[in-house]
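Notes for the structure review
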Amino acid sequence: HPEWMALTQVYWDHHIPLPKLTSLQAKVTVALVALLCFCNSYDGEFVFDDSEAIVNNKDLRPTTPLSSIWCNDFWGSNLRSNSSHKSYRPLTVLTFRLNHLIAGGLHPVGFHVLNIILHAVISALMIDVFAILIGGLGRDEDGQRLNLAPKTSFLAGLFFAAHPVHTESVAGIVGRADLLCALFFQLSFLTYCKAFNKGDFSVHWVAVSLLLCAAAMLCKEQGITVLGVNAAFDVLLICNVNVYELSQRLLFRKNSLFSEILSMGLLTRLGLLGLGGISMLYSRWRIMGTGPPAFTEVDNPASFEESILIRILNYNYYYSLNAWLLLCPWWLCFDWSMGCVPLIKSATDWRMVWLLLLWGFLLGLIGQALCSQDSQRRRTLTLGLVLLVVPFLPACNVFFRVGFVIAERVLYLSSAGYCLLLLLLALTLALLCVYVARCALRSQQWRSEQSLFTSALSVCPLNAKVHYNVGKNLADRGNTTAAVRYYREAVRLHPTYVHAMNNLGNILKEKNELIEAEQLLSKAVSIQSDFAAAWMNLGIVQNSLQKFEEAEQSYLNAIRFRRKYPDCYYNLGRLYADQNRHVDALNAWRNATVLKPDHSLAWNNMVILLDNLGNLAQAELIGREALRIVPNDHTIMFSLANVLGKLEKYKESESFFLHALQINPNAASCHGNLAVLYHRWGKLELAKKHYELSLKLDPEAAGTKDNYNMLLRKLDQLKRKTA
């Protein structure tokens, strides 16, 4: 069919004040602009969600079987677990694992560089996508595809490469999911376009397109929306359907056009796309355990409103905010939940103006897309709207509840539709320059958690999670006084914010403000009874307050809600040791080491307790077992050396003391105890040397002073005898 192959030259392309470049030159230029916009994030840290998805994700470690990637969610949790977010993205996790393997560990530079390169590649490929959507599938005599809108597609590609809303996806490493999804989305669309050649279509290329769609979906769930874009492209450009004219003919029962469309094989292609889409959705549903993810009111408050009208108003307000972020991406924030966007409670709220503006503008675009006499403009507007809306559908709350209010990352693909529409409404190079500058500034903010979190304070001052993350970052850097202020503000803004209460309680515990810490942690577990970490921290505080029975119950509650909790078993063991329940303490610490074999504190406490009880043989066995698992732990070497010294195994004891000092040469107690060993062993000069080193490091060590003075008297007596 001739319409498949070529449309006329796009008339507005000549009016764009840009040079006409070859395809390669245009792609290289767009890729370089993409690199320029985000290159300053290459040496950034792991920030925000990177901690859970990468740093703490066991699926990235070489010791974890590769098969676990296909059984767990994006965050490393089992998909069938009630706590899983059901985000099944194994191909994305696989690239994280490759980064980890190539770099030999968790080094963020490699992760960031790959993200930036992916964005550059996607931006370059977007030129081909735009060229087809604007100019169609024109081919030359050799069968090579022609770009009938070279300047328009080039400028649209530049806008896409430089859009600041992409910063979260590019500068944030977890945005890899959006990047890979977009790459396979493009490849699926471009492959679908290859199915049409010389008046016929190839089922082979349609099948390849479906496989690439499945790959996109295995990177992020949004990938399945490419089927909608492919279908719209087929109807609007391949079959050259005027939607308005078709609806009129169907309305007045004039079926000739409909028969023409059917004769082009459209139903066959749509059937293949539909069958493929249903198969993917069914497989996805089975993989995630047939249950949707469980989100809380904090994640998406509008979705928990009882009134359907209030839900609809707020969803539409969210859409208007997303549209504003595309149009004016200046107020960007890493998180938009927890009060950042207060709910609209009535139709008299002044923010209703934004809804009216959004729908007035959209209806105007739809009217132009349906009724414009300019076929090129009509087709481009329609496909631009499709590319804007269809990839956004999984995030719109219509089909299922999502776990966020606004997420800039979900606009990565939709921004391509915006860029296409933008060129039809206002061609401006000044806006492109503003976008480039904003990209550079925003990617700079994503380089560290400190700059990222503090930048959000001016955008979302009512967002409790922003204050929480600022406080957490301050606490991690040792500024607990400032952290307390932000944690208190987070709790004030969101009085049921249990994680802020838990962290604030921890800091107050360290400051010995135990009463307030107990009150906060008690409130946290009363709000969320299965909050295992808060139960454990409450137990630590109660233990410090000598409320031993309550502390034991708190620890047991923590273990009940999180069975594999080695740190809680360790703290429970400390409680039992304080109560002289030695067997219970040893059992608790043994449980900690079973759950976490490298739990050096639990190993060390077992050795020390057995040493204090006089069970030296058992202490020696435990110490040696521990060092087989954690061979470079100087604290266990120190404790085992003490035990061996008491067993008069002086040579072995000396070896462990010296090894411990190689690792930690400034340990005063280690020098002091080694001196005691030499003292007993009769190596008095060596004893004198290490006593002096110990006292130099810790002049106030009374026991070491006494032993040193005793040694000096003995050396003096020996001198007199030999004189």
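Residues numbered from 1 in each chain as written. Predicted model: local features only at pLDDT ≥ 70, side-chain atom pairs only at ≥ 80, totals over all residues. Heavy atoms only, no water.

As for the packing of helix H8 (residues 176–194) against helix H9 (residues 203–219)
Remark: H8 packs on H9, axes separated minimally by 8 Å, with the N-to-C direction vectors making an angle of 170°. By the criterion of interaxial angle, the relationship of H8 to H9 is roughly antiparallel. Contacts from Ala-177, Leu-180, Cys-181, Phe-184, Phe-185, Leu-187, Ser-188, Thr-191, Tyr-192 and Lys-194 in H8 reach Trp-205, Val-206, Val-208, Ser-209, Leu-212, Cys-213, Ala-215, Ala-216 and Cys-219 in H9. Considered class by class, the residues forming the contact of H8 with H9 number 15 nonpolar, 3 polar and 1 charged. (Axes fitted to C-alpha atoms, helices over the stretch in contact; angles between N-to-C directions. Helix = DSSP H or I, 4+ residues; strand = E, 2+ residues; numbered from the N terminus. Parallel < 35°, antiparallel > 145°, perpendicular 65-115°, else oblique. Contact = heavy atoms within 4.5 Å. Nonpolar A, V, L, I, M, F, W, Y, C, P; charged D, E, K, R; others polar.)

Focus on unusual backbone geometry
With a phi close to 50°, Phe-48 is a non-glycine residue in the positive phi region. Relative accessible area serves as the criterion here: at 17%, Phe-48 is assigned to the buried category. Look at Asn-512: it is not a glycine, yet its phi comes out positive at around 65°. By the element assignment, Asn-512 lies in the loop between helix H22 (498–510) and helix H23 (514–527). For Asn-512, a relative accessible area of 58% puts it in the exposed group. (Buried < 20%, exposed > 50% of the residue type's maximum accessible area, 1.4 Å probe, protein only.)

Remarks on the state of the cysteines
One pass over the structure, following the stated rule, counts 1 disulfide. The side chain of Cys-340 participates in a disulfide bridge whose partner is Cys-460; the two sulfur atoms lie 1.6 Å from each other. Remark: Cys-460 occurs in the loop between helix H19 (449–459) and helix H20 (464–476) and Cys-340 occurs in the loop between helix H14 (308–327) and helix H15 (352–371); sequence separation between them is 120 residues. Its sulfur unpaired, Cys-193 is 13 Å from the next cysteine sulfur, which belongs to Cys-239. Here Cys-193 falls in the buried class, since its relative accessible area comes to 2%. (Disulfide = S-S within 2.5 Å.)

Structural notes on the nonpolar core
Counting 212 residues, the largest nonpolar core has Phe-130, Phe-189, Phe-233, Phe-334 and Val-341 as its most contacted members. At 12 residues, helix H5 (residues 108–135) tops the list of elements feeding residues into this core. Of all hydrophobic cores here, the second largest spans 12 residues; its members include Ile-54, Ile-69, Ile-173 and Ala-177. (Core = buried A, V, L, I, M, F, W, Y, C linked by side-chain atoms within 4.5 Å.)

Structural notes on the pattern of salt bridges
Considering all chains together, one arrives at 24 salt bridges under this definition. Two residues, Glu-168 and Arg-409, come together in a salt bridge whose shortest N-O distance is 3.0 Å. Residue Glu-168 is found in helix H7 (residues 167–171), and its partner Arg-409 is found in the loop between helix H16 (375–389) and helix H17 (411–425); the two are separated by 241 residues along the sequence. For Arg-409, a relative accessible area of 25% puts it in the partly exposed group. A salt bridge links Glu-516 to Arg-488, with the shortest nitrogen-to-oxygen separation between them at 2.7 Å. Taken as a pair, Glu-516 in helix H23 and Arg-488 in helix H21 (residues 480–493) lie far apart in primary sequence, 28 residues in all. Residue classification places Glu-516 among the partly exposed residues on the basis of a relative accessible area of 26%. Among the ionic contacts, a cluster of salt bridges with common partners joins Glu-620, Arg-624, Lys-649 and Glu-652. (Salt bridge = Lys/Arg side-chain N within 4 Å of Asp/Glu carboxyl O.)

Digging into a positive patch on the surface
The grouping of Lys-58, Arg-61, Arg-563 and Lys-564 at the surface amounts to a positive patch. Mapped onto the fold, Arg-61 is located in the loop between helix H3 (50–55) and helix H4 (90–103). (Patch = residues over 30% accessible without salt bridge, like charges linked within 9 Å, V, L, I, M, F, W, Y side chains within 5 Å. Areas by Shrake-Rupley, 256 points an atom, 1.4 Å probe, with all protein chains shown as cover. Lys, Arg positive; Asp, Glu negative; His and termini not counted. Charge placed at Lys NZ, Arg CZ, Asp CG, Glu CD.)

Here's the deal with the environment of His-107
Position of His-107 among the secondary structure elements: in the loop between H4 and H5. Residues His-107 and Asp-43, spaced 64 residues apart in sequence, show a C-alpha to C-alpha distance of 9.5 Å.

A few points about the UniProt feature "transmembrane region" (unreviewed entry) in the protein chain
As recorded in UniProt, the sites labelled "transmembrane region" (unreviewed entry) are residues 116–137, 203–219, 226–244, 315–332, 352–371, 383–404 and 410–437. The distance from the first to the last C-alpha atom of residues 352–371 is 28 Å, and the span holds 100% helix and 0% strand. Helix makes up 32% of residues 383–404 and strand 0%, with an end-to-end C-alpha separation of 27 Å. (UniProt positions renumbered as here; feature names shortened; annotations may be inferred.)

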